[in-house]
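Okay, here's what each chain looks like letter by letter:
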2 protein chains.
Amino acid sequence: MGVLVVGTVTLDTVETPSKRVEDVLGGSGVYAAVAASFFGNIVQLVGVVGADFPHAYTDFLQTRGIDLQGLERVKDGKSFRWGGRYAEDFNVRDTLFTELNVIEDFQPILPETYKDTPYLFLANNSPVLQLSIIEQATNPKLIVCDTMDFWINEQREALEALLARVDVLILNDSEARLLTGDANLVRAAEAILRYGPERVIVKKGEHGAISITESSYFNAPAYPLAQVTDPTGAGDSFAGGMMGYLASVGGTSEAAIRSAMVYGAVVASFNIEDFSVNRQKRVALAEISARYQELQEAARF
Amino acid sequence: MGVLVVGTVTLDTVETPSKRVEDVLGGSGVYAAVAASFFGNIVQLVGVVGADFPHAYTDFLQTRGIDLQGLERVKDGKSFRWGGRYAEDFNVRDTLFTELNVIEDFQPILPETYKDTPYLFLANNSPVLQLSIIEQATNPKLIVCDTMDFWINEQREALEALLARVDVLILNDSEARLLTGDANLVRAAEAILRYGPERVIVKKGEHGAISITESSYFNAPAYPLAQVTDPTGAGDSFAGGMMGYLASVGGTSEAAIRSAMVYGAVVASFNIEDFSVNRQKRVALAEISARYQELQEAARF
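What you see is a predicted model; the values in this text were computed from it and never measured. (Residues numbered from 1 in each chain as written. Chains lettered and ligands numbered in written order. Predicted model: local features only at pLDDT ≥ 70, side-chain atom pairs only at ≥ 80, totals over all residues. Heavy atoms only, no water.)

Asker: What is the right way to read the overall build of chain A from this model?
Answerer: The secondary structure content of chain A amounts to 11 helices and 14 strands. In terms of its C-alpha atoms, chain A occupies a principal-axis envelope of roughly 55 × 40 × 35 Å. Buried residues in chain A amount to 61% of all 301 residues. Here chain A has roughly 11,700 Å² of accessible surface; of this, 47% comes from carbon and sulfur atoms. In chain A, 25 positive and 39 negative side-chain charges are present, and the distance between their average locations comes to 4 Å. (Helix = DSSP H or I, 4+ residues; strand = E, 2+ residues; numbered from the N terminus. Buried < 20%, exposed > 50% of the residue type's maximum accessible area, 1.4 Å probe, protein only. Areas by Shrake-Rupley, 256 points an atom, 1.4 Å probe, with all protein chains shown as cover. Lys, Arg positive; Asp, Glu negative; His and termini not counted. Charge placed at Lys NZ, Arg CZ, Asp CG, Glu CD.)

Have a look at this one:
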């Protein structure tokens, strides 16, 4: 089945203690779409870039089988640019700059062939924009959305309206605490369920992720990596990998979502082994299966 | 089989946002011994208290079947007292006071009946003292020790000598980073293995614990608790529960240690539901089994 990804498509500048890269391919939509593309589905990407966006980047996305009909190119516009710097331990990230450019006025209209796609991933974005996508979708089987502190603080009401319409909210632990004002993650997740989603997935970085519904609790391990190169996009790779796996099995059950979260964790682990989506370019399906099996072994008792 | 616990036996004053308790039963040795006592083994406790130590507390420990031959009572001494305060989210703890008292000159000598006990848990203590226990043990099957930032900073050499003599080092994530100077936990754990232990167990609080050997990686979930009352002693309850289970099955295999870590996590989860060891007094074995099964279900994919 198909996966629709709505997110940013950006030119990123990333500094780590060992290296700096400039204007590399990035953005939540890119990380999620590339991650979803490993599982043999149609992946459709909705986003916007400027005239300056390198054709080499869109060519690459197309070699991954990603449908770019929904990627608007604004002729007189500049692409969204983001710059960030990581500290030695990669747990602290400073945003150096954010140039919204073409993204500021983006009002996505779904191409006809995107409207009945069953798996929707709405990466972190304005909740108003996320809601407008849901309203254009005619056949959603699973709607998953992400959010962040900015929208929690600035567009609370729209975010609550969005939460009433999604099946799964996926967010970081700090965002779950911010959204609910509760430091206890179990209580925070339970409080989020009351806004409407059937499931809350809380991402905890190197500590994995948890999934909570009214009747289930799942603890997904992170893949243990001795070498981190660039964590940018890990959360979107996790979500995209999860969606790609779910679409490939056509599932939304608890069991399918658990496997999907672990596949997401595996794809995210590859993502952070190199800048941009460079590591993803070299990942074979057999490597994904191998790490999945390692995590199964790591969780067994 | 028997478990020998060497640790502190203290009078604790604990403040949380909702309550304050004074001079309650605490200490690493107490938390670990009580946790180990759930699994039907002989548990022997080595520690020291002053003349002021309430008989009600030692009576309670004895009702748990804990052998107190190794608990010295210094007639003209005062018990170790510790005071701490937790912030709203329980992730920040301030130590209000530490009065070492009788612990300062404590040189434990193992009673004859303790010497050939196979399972040794050396709770956080001076590495010199921990080493002296190992030298008195005649039949150790598994030696597990804990440590903390103070010893890492102040008695590095003695600590390294200790690490060459233990089977398992158990410590917090921040301590693993401090000991190795490496922010990456996987690399930090691998570096610790080179000091001698066959296994490193890194405790990560609400994120569970990981176990690393040269050839294995295990991700133990924490039990998800919506209500935390007092986290004091959680780490020692985890270790003690783990040792108690291992002694009850007579095991040291990877499979046994994995189950033991999850039993440890379960016992720790009860511990933090009340002050001191109050919740432990009311825990039935059936409750421990039920939470163990819940964690099995939570880790399944």
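From this point on, the discussion continues.
Asker: Would you explain helix α5 (residues 156–163) of chain A in this entry?
Answerer: The periodicity of an α-helix, 3.6 residues per turn, causes residues three or four positions apart to be oriented the same way. All names here are of chain A. Among the residues of α5, Leu159, Leu162 and Leu163 are the ones counted as buried. Take α5 and look down its axis: the buried residues cluster within an arc of 95°, on one side only. Summarising the contacts, the buried residues of α5 are in contact with α3 (127–136), β10 (142–146), α4 (149–154), β11 (168–172) and α6 (173–180). (Arc of directions from axis to C-beta. Contact = heavy atoms within 4.5 Å.)

Asker: What's the story with the packing of helix α9 (residues 254–271) of chain B against helix α11 (residues 285–299) of chain B in this structure? I'm lost.
Answerer: When two helices pack together, their arrangement is captured by the angle between the axes and the distance separating the axes. All names here are of chain B. Running from N to C, α9 and α11 point in directions that differ by 120°, and their axes come no closer than 9 Å. For the crossing formed where α9 meets α11, the hand is right-handed. Contacts from Ser259, Val262, Tyr263, Ala265, Val266, Val267, Ser269 and Phe270 in α9 reach Glu287, Ile288, Arg291, Tyr292 and Leu295 in α11. Residues that form the contact of α9 with α11 fall into these classes: 9 nonpolar, 2 polar and 2 charged. (Axes fitted to C-alpha atoms, helices over the stretch in contact; angles between N-to-C directions. Left-handed = near helix turned anticlockwise from the far one by under 90°. Nonpolar A, V, L, I, M, F, W, Y, C, P; charged D, E, K, R; others polar.)

Asker: How do you make sense of the side chain of Asn219 of chain A when you look at a structure like this?
Answerer: With respect to the helices and strands, Asn219 of chain A occurs in strand β14 (residues 217–220). Other than its neighbours up to four places away in sequence, Asn219 of chain A contacts Ala209 and Ile210 of chain A together with Asn219, Pro221, Ala298 and Ala299 of chain B.

Asker: Please clarify how the side chain of Ser237 of chain B should be interpreted in this entry.
Answerer: Residue and element names in this part refer to chain B. By the secondary structure assignment, Ser237 is in helix α8 (residues 234–249). Residue class for Ser237 comes out buried when judged on its relative accessible area of 0%. Excluding residues within four positions of it along the chain, Ser237 makes contact with Tyr31, Ala35, Gly264, Val267, Ala268, Asn271 and Gln280.

Asker: I would appreciate a short explanation of the interface of chain B and chain A in the present structure.
Answerer: Size of an interface: often given as the accessible area lost when the parts come together. The interface of chain B with chain A comprises 32 residues on the first partner and 32 residues on the second. Between chain B and chain A the total buried area reaches about 2,700 Å² when both faces are included, carbon and sulfur atoms providing 55% of it. The tally of links from chain B across to chain A stands at 4 salt bridges. Across the pair Glu206 of chain B and Arg177 of chain A runs a salt bridge, and its minimum N-O distance is 3.0 Å. Counting every contact that joins chain B to chain A gives 20 residue pairs in polar contact (both at pLDDT 80 or more). (Buried area = accessible area lost by both parts, 1.4 Å probe. Salt bridge = Lys/Arg side-chain N within 4 Å of Asp/Glu carboxyl O. Polar contact = N/O pair within 3.5 Å; in protein donor to acceptor, adjacent residues only side chain to side chain.)

Asker: Looking at this structure, I do not really get the relation of the copies chain B and chain A. What am I missing?
Answerer: Take chain B, turn it by 180°, move it 0.0 Å along the axis, and it overlays chain A with an RMSD of 0.0 Å. What we have between these two chains is a two-fold relation. A share of 100% of interface residues in chain B that are also interface residues in chain A marks the association as one of identical surfaces. (Least-squares fit on C-alpha atoms with pLDDT ≥ 70 in both.)

Asker: Help me understand the environment of Lys203 of chain B, please; the structure alone is not making it clear to me.
Answerer: Residues and elements named next belong to chain B. Note that Lys203 resides in strand β12 (residues 199–203). Lys203 sits in the buried class, given a relative accessible area of 10%. Residues Lys203 and Tyr119, 84 residues apart in the sequence, show an inter-C-alpha distance of 20 Å. Setting aside residues no more than four positions away along its own chain, Lys203 makes contact with Asp146, Ile170, Leu171, Asn172, Asp173, Gly208, Ala209, Gly235 and Phe238. Among the polar contacts listed, one links the side chain of Lys203 to the side chain of Asp146, at a separation of 3.1 Å.

Asker: Looking at this structure, I do not really get the pairing of strand β3 (residues 20–26) of chain B. What am I missing?
Answerer: Strand residues, when the strand is regular, have side chains that alternate between the two faces of the sheet. All names here are of chain B. With 5 bridges joining them, strand β2 (residues 10–15) and β3 adopt antiparallel strand pairing. What sits directly across from Asp12, in β3, is Val24. Two successive antiparallel strands, β2 and β3, enclose a turn made up of 4 residues. (Pairing = 2+ DSSP bridges.)

Asker: Got a minute to help me understand the sheet that holds strand β3 (residues 20–26) of chain A in this structure?
Answerer: Paired through their backbone hydrogen bonds, the strands of a sheet run either parallel or antiparallel. Residues and elements named next belong to chain A. Within the open sheet, the 4 strands sit side by side as β3-β2-β7-β8. Their pairing is mixed. The open sheet is flanked by β3 and β8 (93–99), the only strands paired with a single partner. Pairs of neighbouring strands in the sheet enclose a mean axial angle of 20°, with direction left out of account. By the bridge criterion, 6 bridges tie strand β7 (residues 80–86) to β8 in an arrangement that is antiparallel. Pairing of Trp82 across the sheet is with Thr98, part of β8. Of the strands in this sheet, β2 (10–15) and β3 touch helix α2 (residues 55–63), which is tilted by about 50° from β3.

Asker: How should I be thinking about the packing of aromatic side chains in this particular structure?
Answerer: Given two aromatic rings, one states the distance between the centres and the angle between the planes to describe the pair. Scanning the model with the defined rule gives 18 aromatic pairs over all chains in all. Pairing Phe39 of chain B with Tyr263 of chain B gives two aromatic rings, centres 5.6 Å apart and planes at 80°, and the pair type is edge-to-face. Of this pair, Phe39 of chain B sits in the loop between α1 (28–36) and β4 (43–50) while Tyr263 of chain B sits in helix α9, and the two are 224 residues apart along the sequence. Like Tyr263 of chain B, Phe39 of chain B is buried. Ring plane angle 45° and centroid distance 5.9 Å describe the contact between Tyr86 of chain B and Phe90 of chain B, whose orientation is recorded as tilted. A relative accessible area of 7% places Tyr86 of chain B in the buried class. What links up through ring pairs into an aromatic cluster is the set Phe39, Phe218, Tyr245, Tyr263 and Tyr292 of chain A together with Phe301 of chain B. Sitting over the ring of Phe60 of chain A, Lys281 of chain A keeps its end group 5.0 Å from the ring centre. (Phe/Tyr/Trp six-rings, centres within 6.5 Å; stacked < 30°, edge-to-face > 60°. Lys NZ or Arg CZ within 6 Å of the ring centre and 35° of its normal.)

Asker: Sorry if this is basic, but what is going on with the pattern of salt bridges here?
Answerer: Residues and elements named next belong to chain A. Applying the stated criterion across every chain yields a total of 38 salt bridges over all chains. A salt bridge links Glu254 to Arg258, with the shortest nitrogen-to-oxygen separation between them at 2.7 Å. Taken together, the residues Glu254 and Arg258, both in helix α9 (residues 254–271) and 4 residues apart, mark about one turn of the helix. The exposure class of Glu254 is partly exposed, given its relative accessible area of 22%. Judged by relative accessible area, which is 4%, Arg258 ranks as buried.

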